[in-house]
Amino acid sequence: NAKYEVMKTYYYAISDLSVGGRCTCHGHGEYCSKSACECEHNTAGKNCERCLDMFNDLPWQEATVENPFVCQECECNGLASRCVFDQEVFDESGGVSGGVCVGCRANTA
């Protein structure tokens, strides 16, 4: 086919290539701004990869369609500015609570 033979001699170039990206928010954010997730469910970090400082009573988990795995606030009675998750404490509580308050005030622990 003569038309096919002529088409084989054409060369094509890409003059403008734009590559887009998206955030990986682990199901904890629907939108990105400046390559960072707008986190929900009491999560934080560029990709919502951790819980906020006072929301570590349960282990962080990636959200699913069935369960958003919202980070839960620690019970520090307003006497600490952050808490950390402790797997051993969580296991000892029977999977109910694993938050350990850090920097408690008013002589509390």
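Rules used throughout
By convention here, each chain's residues receive numbers from 1 onward along its written sequence. Whole-chain, interface and lining totals are the exception, using all residues; otherwise, since this is a predicted model, local features are given only for residues with pLDDT of at least 70 and side-chain atom pairs are given and counted only at 80 or more. As a convention, hydrogens and water are excluded, and side-chain values are obtained from all of the structure's heavy atoms. A helix here means a DSSP run of H or I that spans at least four residues, while a strand means a run of E at least two residues long, and both kinds are numbered starting from the N terminus. Here's how the labels work: a residue is buried when its accessible area is under 20% of the maximum for its type, exposed when over 50%, partly exposed in between, all with a 1.4 Å probe on protein chains only. What we call a nonpolar core is a set of buried Ala, Val, Leu, Ile, Met, Phe, Trp, Tyr and Cys residues that are connected through their side-chain atoms within 4.5 Å. Any two residues whose heavy atoms approach within 4.5 Å are treated as being in contact. Under the rule applied, a polar contact is a pair of N or O atoms within 3.5 Å (in protein, one hydrogen donor and one hydrogen acceptor; residues adjacent in sequence only if both atoms are side-chain atoms).

> Hey, could you run me through unusual backbone geometry in this one?
Outside of glycine, negative phi angles account for most residues, and trans bonds account for most peptide bonds. Unusually for a residue other than glycine, K34 sits at a positive phi of about 55°. Here K34 lies in the loop between β1 (32-33) and β2 (36-37). At N77, a residue that is not glycine, the phi angle is positive and equals roughly 55°. Looking at the element boundaries, N77 is found in the loop between β4 (50-51) and β5 (82-85). Since its relative accessible area comes to 68%, N77 is described here as exposed.

> Is there a simple way to think about the nonpolar core in this case?
A general tendency of soluble globular proteins is for nonpolar side chains to be buried together. Judged by nonpolar contacts, C51, M54, F55, C71, C74, C76, A80 and C83 together constitute the single largest core of eight residues. Dropping the residues within four chain positions of it, C76 is found in contact with M54, C83 and C101.

> Could you clarify how one ought to interpret the side chain of T43 in this entry?
Here T43 shows up in strand β3 (residues 43-44). For T43, a relative accessible area of 5% gives the class buried. A distance of 2.6 Å separates a polar side-chain atom of T43 from the backbone oxygen of E40.

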